[in-house]
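# Structural features, examined
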Protein chains: 2
Amino acid sequence: MSTAPPAPGSAPTGTPADSAGKPAESEASAAADAPQSEPTARSPAETRELVEAIEWLFFAYRDFTSDPDEILHEYGFGRAHHRVIHFVGRHPGITVADLLNILRITKQSLSRVLKELVGQGYIVQKTGTKDRRQRLLYLSDKGMEMERRLAGPQRERVAKAIAAAGPEAQKAWCAVLAHLVNEDDRRAVEALISNGYVS
Amino acid sequence: MSTAPPAPGSAPTGTPADSAGKPAESEASAAADAPQSEPTARSPAETRELVEAIEWLFFAYRDFTSDPDEILHEYGFGRAHHRVIHFVGRHPGITVADLLNILRITKQSLSRVLKELVGQGYIVQKTGTKDRRQRLLYLSDKGMEMERRLAGPQRERVAKAIAAAGPEAQKAWCAVLAHLVNEDDRRAVEALISNGYVS
DNA sequence: AATATATGTCAACATGGCTGACCTAAAAAT
DNA sequence: ATTTTTAGGTCAGCCATGTTGACATATATT
């Protein structure tokens, strides 16, 4: 997706996210005000590599989201729409509550884009059978076509990047990404991602 | 930084970006409308791994940007401020034009946050010596302290993720990230990142 | 029958993108 | 020396997409 997760970080939307900067933090640094665990001591070299890794993430995310953003513009949509289209596409029949949990936005924000997508026929809603309060969400044919257009260039970009980085890069890449996710959420996200290949 | 690159992808402030979704694209897929190169044919298994990698990036970015976002809130700032603070911190004396090129936003947008940061004493400006039209940007002591507070938790997160993924993960991780950046910009970004460790 | 849940909706507001027009001072070109 | 270009700023307004709070409805659950 071309999203920069909500405001969290943005940045490049996404809005890619923001990173960190600067030299060898004197002890005073991060512990200054936050009730967090003391920052692990690191050598200047380690700090430097860390800062560089963070900046690469910023720039990578900035460009990663640029392809879909352009396409979305043709439709008059934004990143928020892409996120919804993506997750509905990957989890046909997903509920509004699940979507809210994934996107970490308010129902009012979701409502706005969802209304547009349903109104213009990209997403269809069906009343849940087990629980009739639920609105199960599906892509229409039109929605699937848009989803494919959005996904195409982004997958191409990621595929090339992984290929260029060598054969074993994919596992390492995903492992780091997984460990960037909050520990509390990691198992749930993993379940979501691996069971998501519905059809 | 907690940015989600501009809208591009958007999100957690690191705004996280949007990803892609869905099953084994029938040939028609991404080439449908875009004048791009034909999407490389991929097996369902390859597609699946690709989609999963993209989703991990979304969730990783979402959480990656969450730490600074909270701290920024204390100051009454947003991700946009973090991005500026970060790059000024890492490139003392950076010009407005360079910053615009990195952030890929308009000068009016940058102006808004820069004005606040300068007004509240987090950033100081000096007139360029070679070219007196330039305003060279530096963090004040106050700005450096904020920068350290913002960077701390984010570095901690990345350091732990890399450590958890194994020793050689860092190189692979950065290699993939570098190749996600637009090819045209890659060399410039690399130069920026590696010469950035100024002090 | 009472309560809790899933979802929707109205209204108002904040942030941070954007465009367009226009201004100044300094550098570079003629 | 005059003109043009460049670095930067500024005003005004718009748009996308977050937020909070209050309230409504239908269905499940107790």
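Worth saying up front: this structure is predicted, and the values here are computed from it rather than measured.

We now examine the protein's contact with DNA strand C. Close to DNA strand C lie 25 residues, the nearest being Lys107 and Arg133 of chain A together with Arg83, Thr106 and Arg112 of chain B. Across the atoms of DNA strand C situated within 4 Å of the protein, the share located in sugar and phosphate is 54%. Between Lys107 of chain A and DNA strand C, the recorded distance is 2.2 Å, taken from a side-chain N or O atom to a base oxygen. Contacts to DNA strand C include Arg133 of chain B, whose side-chain N or O atom sits 3.5 Å from a sugar or linking oxygen. At the level of elements, helix H4 (96-103) and helix H5 (107-119) of chain A together with helix H3 (79-90) and helix H5 (107-119) of chain B are the ones that each hand at least two residues to the surface near DNA strand C. At four residues, the largest contribution of residues to the surface near DNA strand C is made by H3 of chain B. Among the residues forming the surface near DNA strand C, the class breakdown is four nonpolar, nine polar and 12 charged.

On to the pattern of salt bridges. Counted under the stated rule, the structure contains 18 salt bridges over all chains. For the salt bridge of Arg48 of chain A with Glu52 of chain A, the shortest nitrogen-to-oxygen distance reads 2.6 Å. In this pair, Arg48 of chain A and Glu52 of chain A are both assigned in helix H1 (residues 44-64), four residues apart and thus about one turn of the helix distant. Judged by relative accessible area, which is 25%, Arg48 of chain A ranks as partly exposed. Note on Glu52 of chain A: relative accessible area 17%, which makes it buried. Among the charged side chains, a network of salt bridges with common partners joins Arg62 and Asp63 of chain A together with Arg104 and Asp185 of chain B.

Each value, and the rule that gives it
- Residues numbered from 1 in each chain as written.
- Chains lettered and ligands numbered in written order.
- Predicted model: local features only at pLDDT ≥ 70, side-chain atom pairs only at ≥ 80, totals over all residues.
- Heavy atoms only, no water.
- Near = heavy atom within 4 Å.
- Polar contact = N/O pair within 3.5 Å; in protein donor to acceptor, adjacent residues only side chain to side chain.
- Helix = DSSP H or I, 4+ residues; strand = E, 2+ residues; numbered from the N terminus.
- Nonpolar A, V, L, I, M, F, W, Y, C, P; charged D, E, K, R; others polar.
- Salt bridge = Lys/Arg side-chain N within 4 Å of Asp/Glu carboxyl O.
- Buried < 20%, exposed > 50% of the residue type's maximum accessible area, 1.4 Å probe, protein only.

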